[in-house]
Amino acid sequence: MRRRRRRYRPIPRYSEASVNVTPLIDVVMVLIVFFMLVARIGISTGAEAMTLPSTLTGVKIEDLGNTLTLNVHYENLPQPQVMALIGGEMHELPISDGRGNQPLMETLKAFRERNRDFKVILRAPKSMPYSYLEPILQACAQAAVKNVNFSTEVRMEEVRP
């Protein structure tokens, strides 16, 4: 019998111009999609446009994940109108209704029971009297909300001693 002789092929030479980058592109695309899904892009806090009071001091709230923004309106109303973004929709939360219920306090209490680190941000017009804000603060106290913040605009003036 005659034996066949095997032919060995040499390993092909790779140059820098022929590197396969397809796996690298696939990994980068997967990372981009992952970060787009995880990122909080375009999340609405429910803040309405209004002229806010100004302040020289304050702390910017970075984590808005545990907050409920309450927009307060008072023009031509017997009691303040409180609007909040709940479940992706704006809802009016009356301080009290005609039957003795307190929807604002009950809503705040429900949020507080689900999350102990729950925060409230109050947004009210600059010209609103304190008498309209007082019942809202009382509802926050009755609901045991520990962190109540006021939304203000930063006044960029030089502080003089």
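Our subject is the structure that appears above.
Residues numbered from 1 in each chain as written. Predicted model: local features only at pLDDT ≥ 70, side-chain atom pairs only at ≥ 80, totals over all residues. Heavy atoms only, no water.

Remarks on the sheet that holds strand β5 (residues 119-123)
Strand order in the open sheet made by the five strands is β4-β3-β2-β5-β6, with mixed pairing throughout. Both outer strands of the open sheet, β4 (89-92) and β6 (147-150), are each paired with one neighbouring strand and no more. Along the sheet, successive strands turn relative to each other by an average axial angle of 25°, direction set aside. Direction of pairing for β5 relative to β6: parallel, over a ladder of four bridges. Bridge assignment links Val-120 to a residue of β6, and that residue is Val-148. (Pairing = 2+ DSSP bridges. Helix = DSSP H or I, 4+ residues; strand = E, 2+ residues; numbered from the N terminus. Axes fitted to C-alpha atoms, helices over the stretch in contact; angles between N-to-C directions.)

Let's talk about the pairing of β4
Note: strand β3 (residues 81-86) against β4, four bridges, orientation antiparallel. If you follow Ala-84 over to β4, its bridge partner there is His-91. Between β3 and the antiparallel strand that follows it, β4, lie two residues; Gly-87 among them carries a positive phi value of about 65°.

As for the packing of aromatic side chains
Enumeration over the complete set of coordinates arrives at three aromatic pairs. Pairing Phe-34 with Phe-35 gives two aromatic rings, centres 5.3 Å apart and planes at 70°, and the pair type is edge-to-face. A relative accessible area of 44% means that Phe-34 is categorised as partly exposed. With 5.3 Å between their ring centres and 50° between their planes, Tyr-74 and Tyr-132 make a pair best called tilted. With Tyr-74 in the loop between β2 (67-73) and β3 and Tyr-132 in helix α3 (residues 130-142), this pair connects stretches of sequence that are 58 residues apart. (Phe/Tyr/Trp six-rings, centres within 6.5 Å; stacked < 30°, edge-to-face > 60°. Buried < 20%, exposed > 50% of the residue type's maximum accessible area, 1.4 Å probe, protein only.)

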